[in-house]
Amino acid sequence: MNDAVKTLLSDVKDALYVDQPYLDIAIRDEAVVVEGTYLLLAKLPAYRDRGPLAEHRIKIEIPADYPVTEPMVTMLDDSVPRHDSFHCSSTGVCCVTVFETWAVTQKDPSIGAFLEGPLRNFFLSQLLRQKGKDWPFDEWDHGVDGWIDAVAELIGCRPRKTEVRNVLERRRDDDPLDMEAGCPCGGRLSAEECCGTPLQDFWMQVSAETAEAWLGRLVDLTPKLSPREVQRRIHRNRPFRRVQ
């Protein structure tokens, strides 16, 4: 067991020791795995005497390089419907949050902060969604579209793949940000008039290395087109020519 895994194991135990007695913690393949019954508890002590708000059988796989790599949360029971509207796939994998944007905006992206923040909020939202209420926390679409929306919100640009990619490529190349020059998103206005202050914050929050990793993530999330679909799009976009 290397030092990173030892430290992570200790942090996970500290985070779960008091409130989650039914979660087992183990090390598998250089990752910390948490498995068992997760108790969704009320924050106020007066309400805790009434017992948990909900119980869920889950597994959390936390990689040794956390917070570089996102933990995977998987449902082991049917307490959460396996449907996109509940942010749970048919295999039980949960879309807890857009982890990349959460991690870079936190002063403390520790595993304890993740368990107490996005994970708890996810199951609290499930409780409300199953009662027919709106999702109370940040909610994005699944897949590449939702990821682009979240990153675009952080950047301050429009939620378009091209604009997000333009900004990430400029940040990856460590280009200096000149707010009086053309906006890195590719817009016609200056950075000040286009994406504005959020873009300045993004430049400070996201390193060149992180931007490179996000570009890779964007590629991974983008659906791969079959040869037939590529050919169909070529024909659809080809200009119509009248046959003489």
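Refer to the structure above for everything that follows.
The shown structure was predicted, so the numbers you read here are calculated from the model rather than taken from an experiment.

1. Focus: the side chain of Arg129
And then number 1: Tracing the sequence through the fold places Arg129 in helix α4 (residues 111-129).
And then number 2: At 3.1 Å, the side chain of Arg129 and the side chain of Glu139 are in polar contact.
And then number 3: Sequence-distant contacts of Arg129, that is, excluding residues within four places in its chain, are made with Ser85, Phe86, Trp135 and Glu139.

2. Considering helix α6 (residues 161-172)
And then number 1: Over its 12 residues, α6 extends 16 Å from the first C-alpha to the last, a length consistent with the 16 Å expected when each residue adds 1.5 Å.
And then number 2: Along α6, the residues classified as buried are Glu163, Val164, Val167, Leu168 and Arg171. Projected down its long axis, α6 carries its buried residues within an arc of 130 degrees, all on one side.
And then number 3: Buried-residue contacts for α6 involve α5 (143-155), α7 (197-205) and α8 (208-221).

3. Points about the pattern of salt bridges
And then number 1: For the coordinates displayed, the defined rule picks out 9 salt bridges.
And then number 2: Note that Glu163 and Arg160 form a salt bridge whose closest N and O atoms lie 3.8 Å from each other.
And then number 3: With a relative accessible area of 45%, Arg160 lands in the partly exposed category.
And then number 4: What you see here is one network of salt bridges that share partners, running through Arg158, Arg160 and Glu163.

4. A few points about the nonpolar core
And then number 1: Core analysis: the largest hydrophobic core is formed by 32 residues, its most contacted members being Ile62, Phe114, Leu119 and Phe123.
And then number 2: Elements represented by at least two residues in this core include exactly α1 (3-16), β2 (31-40), β3 (54-63), β4 (72-75), α3 (99-104) and α4.
And then number 3: Residues within four places of Phe123 in sequence aside, it is in contact with Tyr38, Leu40, His56, Ile58, Met75 and Val80.
And then number 4: Counting residues in hydrophobic clusters, the runner-up holds 27 residues, among them Trp140, Ile148, Met179 and Trp203.

5. As for a negative patch on the surface
And then number 1: A contiguous patch of negative charge on the surface is contributed by Asp178, Glu180, Glu192 and Glu193.
And then number 2: Mapped onto the fold, Glu180 is located in the loop between α6 and α7.
And then number 3: By relative accessible area, Glu180 is classed as exposed at 64%.

6. Re the pairing of strand β1 (residues 23-28)
One face of the sheet, then the other: side chains in a regular strand alternate in exactly this way.
And then number 1: Strand direction decides the pairing type here: β1 and β2, joined by 6 bridges, are antiparallel. Within β2, the residue paired with Ala26 across the bridge is Val33.
And then number 2: Joining the antiparallel neighbours β1 and β2 is a turn of 2 residues, in which Asp29 adopts a positive phi near 50 degrees.

Conventions used here
- Residues numbered from 1 in each chain as written.
- Predicted model: local features only at pLDDT ≥ 70, side-chain atom pairs only at ≥ 80, totals over all residues.
- Heavy atoms only, no water.
- Helix = DSSP H or I, 4+ residues; strand = E, 2+ residues; numbered from the N terminus.
- Polar contact = N/O pair within 3.5 Å; in protein donor to acceptor, adjacent residues only side chain to side chain.
- Contact = heavy atoms within 4.5 Å.
- Expected span 1.5 Å × (residues − 1).
- Buried < 20%, exposed > 50% of the residue type's maximum accessible area, 1.4 Å probe, protein only.
- Arc of directions from axis to C-beta.
- Salt bridge = Lys/Arg side-chain N within 4 Å of Asp/Glu carboxyl O.
- Core = buried A, V, L, I, M, F, W, Y, C linked by side-chain atoms within 4.5 Å.
- Patch = residues over 30% accessible without salt bridge, like charges linked within 9 Å, V, L, I, M, F, W, Y side chains within 5 Å.
- Areas by Shrake-Rupley, 256 points an atom, 1.4 Å probe, with all protein chains shown as cover.
- Lys, Arg positive; Asp, Glu negative; His and termini not counted.
- Charge placed at Lys NZ, Arg CZ, Asp CG, Glu CD.
- Pairing = 2+ DSSP bridges.

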